[in-house]
Amino acid sequence: MKEVLSQSDTAFVVACTGLVLFMTPGLALFYGGLVRERAATDMMIQNFVALGILGMLWYACGFSLSFGAGTWVGDFKYLMFNNVRKYEPWPALKISEELFALFQMMFAIITPILMTGTIADRMRFAPYCIFIVLWSLLVYCPWCHQVWGGGFVQQMGVWDFAGGIVVHATAGWSALAAAIALGPRKSKVDGVDLAEPHSVPIVVTGTGILWFGWFGFNGGSALSLNEVAVTAVTNSHLAAAMATCVWGVIDWMVMRKPRLVPMCIACVAGLVVVTPMCGYIKPSMAVLAGAWAGGVCYGAVYFLNKTPVDDALDVWGVHGVGGATGTILIGLLSDGPECLEKNNPEYCVFPHSVAAGPKQVVIQTTGVVACIIWSFIVTFVLVKFLMLIMPVRPDETQFENLDEELHGEPCYQYVSVMAS
């Protein structure tokens, strides 16, 4: 019998696609507010341009390499969205192949730009554009295929509901590699105060957009308007809320004052950690995931800031550590083996998917470690290769006024008003 498309599922995933798209300008505001005033345009343009470049890359070949047939990477069946049909459902779903490809495009756009928070002030625009294209082809597409597209890692039993490996571990550990390859900013070495963040209101606005959009990111990954989607959204909010509380209290104790920006970073950390597991765990486990994010990700950020590595906006501690550990926690926090049975209990969140247990912890850890090694090595080599063939870092003479020097477009215009 021919499968039919579901209007409710279609409407839901279309809405979630818009929410995930909205996260990209949200990230631009979040990162743009966190950097110094005279580098805000540079940061935001690096985020925004991905909507164009990476959207076209996904259309041209990214979707095919990610979801075409193959063990290690996809084939060329879907090049230029050929054979992507609007009236035929994607396998096991009730949304069209075209909508599935469009929803996945939003993930392919936002993943590489997570790294811009690490490499702030240290990459010219042209090399950056080349970098995100090559990185998408060499890191994102292969790992998207491995985990979600029927690749070897998926076949060995690794689960990732909405992007712990595919999005956050790839970008987070690649960010660390890029930071090491590029080296620190001279100002960090000299101990100069860069006056970051330059705009707390912009950071808060970006955080709000990200939190809002993450409901589509995680809830939409159910790819159906069902109870799993609702639980994924519930878990996302609870984890973010708990992480904000835990991180906020720790920062308050350390700094002796309650601060807003650390709470914004904490919220993102909670959402990152719960992303790979949000469709497999009960809300009570999401609270634990949020507490984990608030403590462990805070510790990772604190640790790296004590080293010479210049991770400008704490991408490794939040996305790299958060995504990796959140993926491993699937083996600890998911429902029990009884939820894999044919006559499963009603309390199971996602029956017949994944169950907690030592074996699953080992499987999840194996997938995460493989992703970390691949992402780190490929990114380090890629950045060093670009530095070998072209100037990548801006000149030190351009650093002071990066927006004007690189783009001729300062984020703020100041007009002197002379007294009459």
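In this text, all values refer to a predicted model and were calculated from it rather than measured experimentally.

Draft legend 1. A look at the state of the cysteines. Following the criterion strictly, the structure yields 1 disulfide and no others. The disulfide bridge from Cys339 ends at Cys348, spanning 2.0 Å between sulfur atoms. Judged by the sign of its S-S torsion, about -85°, the cystine formed by Cys339 and Cys348 is left-handed. Take Cys339 and Cys348: they sit in the same class, and that class is buried. Sulfur of Cys267: no disulfide; nearest cysteine sulfur belongs to Cys264 and is 7.3 Å away. Owing to a relative accessible area of 1%, Cys267 belongs among the buried residues under this scheme.

Draft legend 2. Just the nonpolar core, in detail. Counting 128 residues, the largest nonpolar core has Phe30, Trp58 and Phe63 as its most contacted members. Aside from chain neighbours lying at most four places away, what touches Phe63 is Trp58, Gly68, Tyr78, Phe81, Val84, Trp90, Phe100 and Ala101.

Draft legend 3. Representation of the packing of aromatic side chains within the structure. All told, the structure shown has 26 aromatic pairs when counted by the stated rule. Here the aromatic rings of Phe67 and Phe100 are separated by 5.0 Å at their centres, their planes lie at 80°, and the arrangement is edge-to-face. Residue Phe67 is found in helix α2 (residues 40-67), and its partner Phe100 is found in helix α3 (residues 97-113); the two are separated by 33 residues along the sequence. Like Phe67, the residue Phe100 is buried in the burial classification. Residues Tyr280 and Phe350 carry aromatic rings whose centres are separated by 6.0 Å and whose planes lie at 35° to one another, so their mutual orientation is tilted. Separated by 70 residues along the polypeptide, Tyr280 in the loop between α10 (260-274) and α11 (283-305) and Phe350 in the loop between α13 (330-333) and α14 (358-389) bring together distant segments of the chain. By relative accessible area, Tyr280 is classed as buried at 5%. Since its relative accessible area comes to 31%, Phe350 is described here as partly exposed. Ring pairing ties together the aromatic residues Trp58, Tyr59, Phe63, Phe67, Tyr78, Phe81, Trp90, Phe100 and Tyr140, which thus form one cluster. Between Arg36 and the ring centre of Phe399, over which it is positioned, the NZ or CZ distance is 3.9 Å.

Draft legend 4. Highlighting helix α6 (residues 164-182). With 19 residues, α6 extends 25 Å between its outermost C-alpha atoms, agreeing within 8% with the 27 Å of an ideal straight helix rising 1.5 Å per residue. Phi turns positive one or two residues past the end of α6, at Gly183, with a value near 85°.

Draft legend 5. Focus on the packing of α10 against helix α12 (residues 315-328). Contact geometry of α10 with α12 gives a least axis separation of 8 Å together with a crossing angle of 30°. Between α10 and α12, the angle falls in the class roughly parallel. By crossing handedness, the relation of α10 to α12 is classed as right-handed. Contact residues: Ile265, Val268, Ala269, Val272 and Val273 in α10; Val318, His319, Gly322, Gly323 and Gly326 in α12.

Draft legend 6. Structural detail: the side chain of Thr41. Relative to the assigned elements, Thr41 resides in helix α2. Here Thr41 falls in the buried class, since its relative accessible area comes to 9%. For Thr41, the side chain forms a polar contact with the main-chain oxygen of Glu409, separated by 2.9 Å. Not counting residues up to four positions away in its chain, the partners in contact with Thr41 are Asp403, Glu409, Pro410 and Cys411.

Draft legend 7. How the structure looks around the environment of Lys94. On the secondary structure map, Lys94 appears in the loop between α2 and α3. Along the primary structure Lys94 and Gln7 are separated by 87 residues, whereas in three dimensions their C-alpha atoms are 8.5 Å apart. The residues contacting Lys94, other than those within four sequence positions of it, are Val4, Leu5, Ser6, Asp9, Thr10 and Pro89.

Draft legend 8. Examining the side chain of Asn218 more closely. Looking at where Asn218 falls in the secondary structure, it is placed in helix α8 (residues 200-219). A relative accessible area of 0% places Asn218 in the buried class. At 3.4 Å, the side chain of Asn218 forms a polar contact with the side chain of Thr275. Once residues lying within four places of it in the same chain are set aside, the contact partners of Asn218 are Phe161, Ala162, Ala232, Ser236, Leu271, Val274, Thr275 and Cys278.

Thresholds applied
Residues numbered from 1 in each chain as written. Predicted model: local features only at pLDDT ≥ 70, side-chain atom pairs only at ≥ 80, totals over all residues. Heavy atoms only, no water. Disulfide = S-S within 2.5 Å. Buried < 20%, exposed > 50% of the residue type's maximum accessible area, 1.4 Å probe, protein only. Core = buried A, V, L, I, M, F, W, Y, C linked by side-chain atoms within 4.5 Å. Contact = heavy atoms within 4.5 Å. Phe/Tyr/Trp six-rings, centres within 6.5 Å; stacked < 30°, edge-to-face > 60°. Helix = DSSP H or I, 4+ residues; strand = E, 2+ residues; numbered from the N terminus. Lys NZ or Arg CZ within 6 Å of the ring centre and 35° of its normal. Expected span 1.5 Å × (residues − 1). Axes fitted to C-alpha atoms, helices over the stretch in contact; angles between N-to-C directions. Parallel < 35°, antiparallel > 145°, perpendicular 65-115°, else oblique. Left-handed = near helix turned anticlockwise from the far one by under 90°. Polar contact = N/O pair within 3.5 Å; in protein donor to acceptor, adjacent residues only side chain to side chain.

From the geometry alone we can't say anything about function, so treat these as descriptive.
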